[in-house]
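# Chains, contacts and geometry: an overview
Listed here are the chains, written in short residue letters.
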Amino acid sequence: MKLKLIFGLSNLLFLHKYGQVATCPYDPIIKNLIFAGNKNRIKMQNPKRYTITAALPYTNGPIHIGHLAGVYVPSDIYSRYLRLQGRDVVFVCGSDEHGVAISMKAKKEGITPQEVIDKYDGIIRKSFADFGISFDNYSRTSAEIHHKTASEFFKKLYDKGDFIEEITEQLYDAKANQFLADRFVVGTCPKCGNEEAYGDQCEKCGSTLNATDLINPKSTITGETPVLKSTKHWFLPLDRYDAFLREWILEGHKNDWKPNVYGQVKSWIDGGLEPRAVTRDLDWGIDVPVEGAEGKKLYVWFDAPIGYISSTKEWAAREGKDWEPYWKDKDTKLVHFIGKDNIVFHCVIFPAMLKAEGSFILPDNVPANEFLNLEGNKLSTSKNWAVWLHEYLEEFPNQQDVLRYALTSNAPETKDNDFTWKDFQARNNNELVAIFGNFINRVVVLTNKYYNGIVPTPNELSEVDEQTLEELKAYPAVISSSIERYRFREALGEMMNVARLGNKYLADEEPWKMVKTDPERTKTQMFVALQIAAALSSLCEPFLPFTSQKLLRMLNIDVNNWNLDFDNWTLLPAGHQIGEAELLFSKIEDEAIQKQIDKLEATKTANSAENKKAEPQKELIQFEDFAKMDIRVGTILEAEKMPKANKLLILKVDTGIDVRTIVSGIAESFKPEDIIGKRVTVLVNLAPRNLRGVESQGMILMTSNAEGKLVFVNPDVEGVANGETIN
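Here is a short report on the structure shown in this document. Just so it is clear, the structure is predicted and the values come from calculations on it, not from any experiment. (Residues numbered from 1 in each chain as written. Predicted model: local features only at pLDDT ≥ 70, side-chain atom pairs only at ≥ 80, totals over all residues. Heavy atoms only, no water.)

## Things to note about the pattern of salt bridges
- Scanning all chains against the criterion turns up 46 salt bridges.
- Of the charged contacts in the structure, one is a salt bridge between Glu-357 and Lys-156, with a shortest N-O distance of 2.8 Å. On the criterion of sequence distance, the pair formed by Glu-357 in helix 10 (residues 343-357) and Lys-156 in helix 5 (residues 144-159) is long-range, its members being 201 residues apart.
- Across the salt bridge formed by Arg-427 and Asp-423, the nearest N and O atoms sit 2.9 Å from each other. (Salt bridge = Lys/Arg side-chain N within 4 Å of Asp/Glu carboxyl O. Helix = DSSP H or I, 4+ residues; strand = E, 2+ residues; numbered from the N terminus.)

Structure (structure tokens):
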């Protein structure tokens, strides 16, 4: 019985006479691929072109690793892979520069919204470029082409009568003399009781809210309790699209969309769709292009996804192409890459908008990821609890692929995952350096040592050689299958298995020993190892583009594509001259990691200090009560641990009136030798108390810092003598 492999661009077909999987060297790989494919019932397609969108980042702050893991690394992997396949791809994104987040940042920094978006667009744009995110176009929603596109989109729906016009009651801050957009209101979530929920969403339970739903709402501008005031707005009646959404998503994408995406959409639809406002009372954004809408702007959730279309238009104009097929041709595959907080907007609201407009295609898939946490805590821009991309690029120069690898290996594809610096270090040192880098280094070094860098002519292949090369042949299709099912973590693991295959082959064959006894056999061994190295240069490109470029340069390969020619073994033909070895990856030392951990600890301390609330005032006392206390300045002369007690130190303290013994519960915070000579404040007329057989004659006054660490209360001016009273 024979197994015939047909390598396609998007799938691997297995044909067998009896419909079974035959035994072959790469049996486990093929079985996994078949069963995974059957389980998920992939919709096999062969589109003419691909439109790939990545969620528009808000220009109210830089990019952090949560954004990268959730959206930008997976979308870049997918786009790079498709280009290597020779596909027609446009990969678009852009800065989201409207909405309340921008206005809030401007108010906080005391600058204009335009200054905010210019600042962060520059940081974000440069970070993406330096990190190797291969957008075909990165635009801005403040661009004229976007204002025009969004306005025309709104006007078309308005003219068709697709909106509902209503006078509604909105929250209004009388002191600030303005209506409050959702993010300018905080209050208690009616679903979970979170007291810091925003007017559009509770970030604790994830519920979508209206500002008027909040209990005890407060204006974030003035702190005042807002009042309800009438205002006119336009609404998209989502309830009209209930049947369409149920058929398109709940029926049509039941088996091919990720469970986390499908589940959230189903819950939203089953909960009942209601009209949703598409306009807002704001002073920053795109003007509503109809009469009677003065002072009103398009709601940011309405204009932002249209940014994908305007970015595509901008790209097409620059490249001399027609943008419409990428958004209106049924043979185009549209894929949105987003985080889970954007699922409803991209799977319910934006498709309803596109359906209402009538001429646009709908997304084929929306492979949203879950959230990435940092060292056990939720990432937070406002609290600076993040690893910022632009800072990473400065502190880890030329190590873009290490972060790409760590984030993809730990991608939150189906559940929230956690990024830790120790795991980052381990993945670099134990995987990239020890597996991938080690294999490539040995192959290139030995080829230069034995053959002056010229690929040797192989002799007859052994059974091990043939099995190794047959397994290598299977990997492009295996990796393709994972990528096309948006399983990028799985795909990366299979790519690394190619490097493991090479390492195992070298370890088993030991060409450095064979060359001494059978140099002709060594030529074949090195030829096989070089084919694996050449395959890796292409297979790693979607995941590790900078590494791929280094490897291509080392192997002196000009053309990089996914469809490797295994039949004639021309990946690296005999006689081909390769270059000198250079390290693909370098070990990351403990000191570099500790520096990052210390930075996060400093952030945690700063947040604790900022958020720490003072203890409530105690009951009132009379002056006479305070006057009874004799508080004096003193100095610690001696200190030792109390035997068999973990928390107590025995201190000898000069109080100015005597030298006395005081037992203090500070042993877990201070070493005895570190506090000798320390100036302290002492309550000297506290009644003596026997503690473990030692009479304590007073009390040392202490407080605590933001970390909860004990701190001595003492005079901060020199020259205050022991015995001076504190009144």
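## Points about the packing of helix 5 against helix 10
- At a closest axis distance of 10 Å, the pairing of helix 5 and helix 10 adopts a crossing angle of 65 degrees. As for how helix 5 packs across helix 10, the hand of that crossing is left-handed. Here Phe-153, Lys-156 and Leu-157 of helix 5 come into contact with helix 10, specifically with Met-353, Leu-354, Ala-356 and Glu-357.
- For the contact of helix 5 with helix 10, the per-class residue count stands at five nonpolar, no polar and two charged. (Axes fitted to C-alpha atoms, helices over the stretch in contact; angles between N-to-C directions. Left-handed = near helix turned anticlockwise from the far one by under 90°. Contact = heavy atoms within 4.5 Å. Nonpolar A, V, L, I, M, F, W, Y, C, P; charged D, E, K, R; others polar.)

## Here we look at unusual backbone geometry
- Unlike most non-glycine residues, Asn-177 shows phi in positive territory, near 60 degrees.
- For Asn-177, the location among the structural elements is in the loop between strand 6 (164-173) and strand 7 (178-179).
- Unusually for a residue other than glycine, Glu-510 sits at a positive phi of about 50 degrees.
- In this structure, Glu-510 sits in the loop between helix 15 (488-509) and helix 16 (511-517).

## What about the packing of aromatic side chains?
- This structure, assessed with the given rule, holds 38 aromatic pairs.
- Both rings, one in Phe-154 and one in Phe-302, keep their centres 5.9 Å apart while their planes meet at 80 degrees; by these two values the pair is edge-to-face. Of this pair, Phe-154 sits in helix 5 while Phe-302 sits in helix 8 (residues 300-319), and the two are 148 residues apart along the sequence. An identical accessibility class is assigned to Phe-154 and Phe-302; each is buried.
- Ring geometry for Tyr-172 against Phe-179: centres 5.0 Å apart, planes inclined by 75 degrees, an arrangement best described as edge-to-face.
- A residue is classified by how much of its surface remains accessible, and Tyr-172, at 10% relative accessible area, is buried.
- A cation over a ring is seen here: Arg-49 above Tyr-326, with NZ or CZ 5.8 Å from the ring centre.
- Looking at Lys-229, its charged tip hangs above the ring of Tyr-172, at a distance of 4.1 Å from the centre. (Phe/Tyr/Trp six-rings, centres within 6.5 Å; stacked < 30°, edge-to-face > 60°. Buried < 20%, exposed > 50% of the residue type's maximum accessible area, 1.4 Å probe, protein only. Lys NZ or Arg CZ within 6 Å of the ring centre and 35° of its normal.)

## Overview of the environment of Asp-418
- Here Asp-418 lies in strand 18 (residues 417-419).
- Classification of Asp-418 as partly exposed rests on a relative accessible area of 30%.
- When the C-alpha atoms of Asp-418 and Glu-375 are compared, they prove to be 6.4 Å apart, with 43 residues separating the residues in sequence.
- Beyond its immediate stretch of four places on either side in the chain, Asp-418 contacts Leu-372, Asn-373, Leu-374, Glu-375, Gly-376, Asn-377 and Asn-410.

## Considering the nonpolar core
- Counting 164 residues, the largest nonpolar core has Tyr-72, Phe-424, Phe-436 and Met-495 as the members making the most contacts within it.
- Every residue in contact with Tyr-72, bar those within four places of it in the chain, is listed here: Ala-54, Ala-55, Leu-56, Pro-57, Ile-63, His-67, Cys-93, Phe-128, Ile-133 and Phe-135.
- By size, the runner-up hydrophobic cluster in this structure holds 15 residues, among which are Ile-636, Ala-639, Phe-670 and Val-680. (Core = buried A, V, L, I, M, F, W, Y, C linked by side-chain atoms within 4.5 Å.)

## Some remarks on empty space enclosed by the protein
- On inspection of all chains with the given rule, the structure shows five cavities of 30 Å³ or more.
- Put simply, the largest cavity is a space of about 80 Å³.
- In terms of lining residues, the largest cavity is bounded by Ala-386, Val-387, Trp-388, Glu-391, Tyr-392, Glu-395, Phe-396, Trp-421, Gln-596, Lys-599 and Leu-600.
- Those elements giving two or more residues to the lining of the largest cavity turn out to be helix 11 (389-395) and helix 19 (590-611).
- Residues belonging to the lining of the largest cavity are distributed by class as follows: seven nonpolar, one polar and three charged. (1 Å grid on protein atoms, 1.4 Å probe; cavity = no way out; pocket = protein on both sides within 12 Å on 5 of 7 lines; lining within 4 Å. Points joined across faces, edges and corners; volume = space filled by probe spheres on them.)

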